[in-house]
Amino acid sequence: MKLKIAVLAGDGIGPEIMEQGVAVMSAVAQKFGHEVEYREALCGAHAIDEVGDPFPEETFQTCMEANAVLFASVGDPKFDNDPTAKVRPEQGLLAMRKRLGLFANVRPVTTFDCLVHKSPLKDELVRGADFICIRELTGGMYFGEKREGTDEAYDTNYYSRPEVERILRVAYQYARQRRKHLTVVDKANVLASSRLWRKVAQEMMVEYPDVVTDFMYVDNAAMRMIQEPRFFDVMVTENTFGDILTDEGSCITGSMGLLPSASTGEHTPVFEPIHGSWPQGKGLNIANPLAQILSVAMLYEYFGLKEEGTLIREAVNASLDQNVRTPEIQVEGGLHYGTREVGQWIVKYIEKK
Ligand code: IPM
Ligand code: MN
C-alpha cells in the first residue's frame, strides 16, 4: 500500500516521540512492502512562533492531501500562565479537529499484565480491564458559543441531533465488534444537552438489539471506572466528559505515556497519543514513546493492515516484558532506557521478525 502521512510533531516532547513513531512506521512499511511518504507540517506553539498561527493553512492543506495524519502533542508553558494570550497552541489542535471534521475520537483503555502495579488502583481491580472510550470531538463546550468578558464568561454546551446520532453510530459499531455492551455517559439529570443525547440514544438502541445499552451519569461513571473498570466495554460521551474520563483512564493503564488514540470523521484521520506535550520532559530523552508507537499501530489497522498493527503491539509487549522501559514505568533496579532506546529496541524487534 502507498501511504502519504502528514507528520505534525508539535511541541514539548512531541518531536522526540514522533521520531520514534516514524521510525517504527518505516520499519513496518519496509517489512511488509508498503511505501510511505512523509510530509512534516507546523502545528502548535512552534507554528505560532514561526508563522503566527497554531494551525497554518499550509498545514491544513498538507493534512488534506495525506491519507492520514500522525500527530504528537502541542502546548507550551509560556501560554499556560498567560490567560490573556490572544492565540494559544491548543487552538491549533482544535482547529485541526474541526477543519478535518474529526468528530469521533477513539481512546482504548487497555492494561498490560506486567504493569498493573503501576496503577494507583489495586492490581486485582485493574487486571484485564479493557474498554474503549468514544469521545465526541467537534462539538460541545469546546466549540459552542463563547464569551470572555472581564468579569463574566461562558461556554455553551451545544449539540444537535445529527451530531449525537453519528457518534452513537460509531459507538454501536465498536460495541458490535467487541463485547456488545455500550454505556452512554451523560449528565441527563441536570443538562439539557445530555437529555438530548439520552433521548437520541434511547431511540437508536432498538436498532441494535444485539448490544446491551446502559446509561450512566458522568459523576457515577468516574467512580465506576476506578471501582470496577472491567464493567466497561465501550463508553460513548460528549467532548468535555470524554476529555476528563480518558485522563482518568490512563491511571488504570498505569501511565499517560501508554494511551494512543484515533480520530476519524469527514476528512483525513488523525492518530495521536492522548497525553500532552509534557514540557518538563522536553529534550531529556525520558518521554515514553509507546503511546505514539501504538498510535501508529492504530493507523495501520485503520487501513485494514491488521498484521502490521499486531506486529507493533507484539513488539511493544515484548519491550515491556523485557523491561525495556522508560523511567516512569521501569522496574526497581531496571536499566535506564530513554525515548530513543525504547523506540530503537522496538524497531530492531520488528526488523528481526
Ligand atoms: C486531549 C487534550 C486536548 C483536549 C487539549 C490539548 C486541547 O487534553 O486531546 O485530550 O482537551 O482535547
Ligand atoms: Mn485531555
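Within every chain, residues take consecutive numbers counted from 1 along the sequence as written. Whichever chain is written first is A, and whichever ligand is written first is 1; the rest continue in order. Local features in a predicted model are, by the rule used here, given only for residues with pLDDT of at least 70; side-chain atom pairs are given and counted only at 80 or more, and totals for whole chains, interfaces and linings are based on all residues. The side-chain figures draw on all heavy atoms in the structure; neither hydrogens nor water molecules are used.

Visitor: Sorry if this is basic, but what is going on with the overall build of the chain here?
Guide: Secondary structure follows DSSP: runs of H or I at least 4 residues long count as helices, runs of E at least 2 residues long count as strands, and numbering of each begins at the N terminus. In terms of helices and strands, the chain carries 13 helices and 12 strands. If one aligns the C-alpha atoms of the chain with their principal axes, the spans along those axes are about 55 × 50 × 40 Å. The buried share among the 353 residues of the chain stands at 54%. It only takes one pair of heavy atoms within 4.5 Å for two residues to be counted as in contact. Of all intrachain contacts in the chain linking residues separated by at least 6 positions in sequence, the fraction that spans at least 24 positions is 75%. Accessible surface computed for the chain: about 15500 Å², of which carbon and sulfur atoms make up 51%. Within this scheme the basic residues Lys and Arg register as positive and the acidic residues Asp and Glu register as negative, but His and the chain ends are omitted. The atoms used to mark charge sites are NZ of Lys, CZ of Arg, CG of Asp and CD of Glu. The chain carries 38 positive and 51 negative side-chain charges, and their two centres are separated by 4 Å. Each residue's exposure class comes from its accessible area (1.4 Å probe, protein chains only) as a fraction of the maximum for that residue type: buried when under 20%, exposed when over 50%, partly exposed otherwise. Each accessible area value is a Shrake-Rupley result obtained with a 1.4 Å probe; residue values ignore everything except the protein chains displayed when judging cover.

Visitor: So what exactly am I meant to see when it comes to the packing of aromatic side chains here?
Guide: Describing an aromatic ring pair means giving the distance of the ring centres and the angle of the ring planes. Side-chain rings of Phe, Tyr and Trp (the six-membered ring for Trp) are treated as a pair once their centres are within 6.5 Å; stacked means planes under 30 degrees apart, edge-to-face means over 60, and tilted covers the remaining angles. For the structure on display, the rule yields eight aromatic pairs. Between the aromatic rings of Tyr 159 and Trp 197, the centroid separation amounts to 5.3 Å while the plane-to-plane angle is 90 degrees, which identifies the pairing as edge-to-face. With Tyr 159 in the loop between β7 (153-155) and α7 (161-177) and Trp 197 in helix α8 (residues 192-204), the pair connects residues that are 38 residues apart, well separated along the chain. Considered together, Tyr 159 and Trp 197 belong to a single accessibility category, that of buried residues. Geometrically, the ring pair formed by Tyr 172 and Tyr 208 is stacked, given 4.0 Å between the ring centres and 0 degrees between the ring planes. Taken together, the positions of Tyr 172 in helix α7 and Tyr 208 in the loop between α8 and β9 (212-217) put the pair 36 residues apart, joining distant regions of the chain. For the pair Tyr 172 and Tyr 208, a shared accessibility class is recorded, and that class is buried. Taken together, the ring pairs in this structure connect Phe 131, Phe 231 and Phe 232 into an aromatic cluster.

Visitor: Got a minute to help me understand the site of ligand 1 in this structure?
Guide: Residues are labelled near a given molecule or strand when at least one of their non-hydrogen atoms is within 4 Å of it. In the vicinity of ligand 1, the contacting residues are Glu 90, Leu 93, Arg 97, Arg 107, Arg 135, Tyr 142 and Asp 243. For ligand 1, an oxygen atom lies 2.8 Å from a polar atom in the side chain of Arg 135. What qualifies as a polar contact is a pair of N or O atoms within 3.5 Å, subject to a donor-acceptor requirement within protein and to the restriction that residues adjacent in sequence count only when both atoms come from side chains. Between ligand 1 and the protein, one listed contact pairs an oxygen atom with a side-chain N or O atom of Asp 243 at 2.9 Å. Protein contact buries 78% of the 320 Å² of open area that ligand 1 shows by itself. By residue number, the principal contributor to the shell around ligand 1 is helix α5 (residues 89-99), which donates three residues. The residue makeup of the shell around ligand 1, split by class, is two nonpolar, no polar and five charged. The domain boundaries here were taken from an automatic or database domain assignment. Two domains each donate at least three residues to the shell around ligand 1, and these are domain 1 (1-102 + 266-353) and domain 2 (103-258). Three classes are used: nonpolar for Ala, Val, Leu, Ile, Met, Phe, Trp, Tyr, Cys and Pro, charged for Asp, Glu, Lys and Arg, and polar for all others, with Gly counted as polar.

Visitor: Just to check I follow, could you spell out the sheet that holds strand β5 (residues 130-136) for this structure?
Guide: In short, DSSP must find at least two bridges between two strands for them to pair. Sheet architecture is open: 10 strands sit in the order β2-β1-β3-β12-β11-β4-β5-β10-β8-β9, paired in mixed fashion. Among the strands making up the open sheet, the edge pair consists of β2 (35-40) and β9. Neighbour-to-neighbour, the strand axes of the sheet open up by a mean angle of 25 degrees, direction not taken into account. As judged from the five bridges shared by strand β1 (residues 2-10) and strand β3 (residues 68-73), these two strands associate in the parallel manner. Paired with Val 7 across the two strands is Leu 70, which belongs to β3. Against the sheet, helix α3 (residues 57-65) contacts β1, β2 and β3, and its axis sits at roughly 150 degrees relative to β1. Orientation is described by lines fitted to C-alpha atoms, with helices fitted over the stretch in contact, and by angles between N-to-C directions that extend from 0 to 180 degrees. The strands touched by α8 are β5, β8 (181-186), β9 and β10 (234-237); relative to β9, the strand with the most contacts, the crossing angle is about 170 degrees.

Visitor: Explain the domain arrangement of the chain to me, please; I cannot follow it from the model alone.
Guide: Interface size is commonly expressed as the accessible surface area that is lost when the partners come together. You can read the domains of the chain as domain 1 (1-102 + 266-353) and domain 2 (103-258). Each of domain 1 and domain 2 has a C-alpha centre, and these two points are 23 Å apart. Contacts between domain 1 and domain 2 engage 21 residues on the former and 21 residues on the latter. The quantity reported as buried area is the accessible area (1.4 Å probe) lost by two parts once they are put together, taken as the sum for both. Considering only the side of domain 1, the residues that lose the most area to domain 2 are Arg 97, Leu 102 and Ile 274, jointly responsible for 29% of the buried surface there. For this document, the term salt bridge refers to a Lys or Arg side-chain nitrogen within 4 Å of an Asp or Glu carboxyl oxygen. Between Glu 266 and Arg 166 there is a salt bridge, and its shortest N-O distance comes to 3.0 Å. For the pair domain 1 and domain 2, the interface holds six residue pairs in polar contact (both at pLDDT 80 or more). Where the side of domain 1 that touches domain 2 is concerned, the elements lending two or more residues are α5, α11 (290-302) and α12 (306-321). Its residues assigned to classes, the side of domain 1 that touches domain 2 comprises 10 nonpolar, five polar and six charged.

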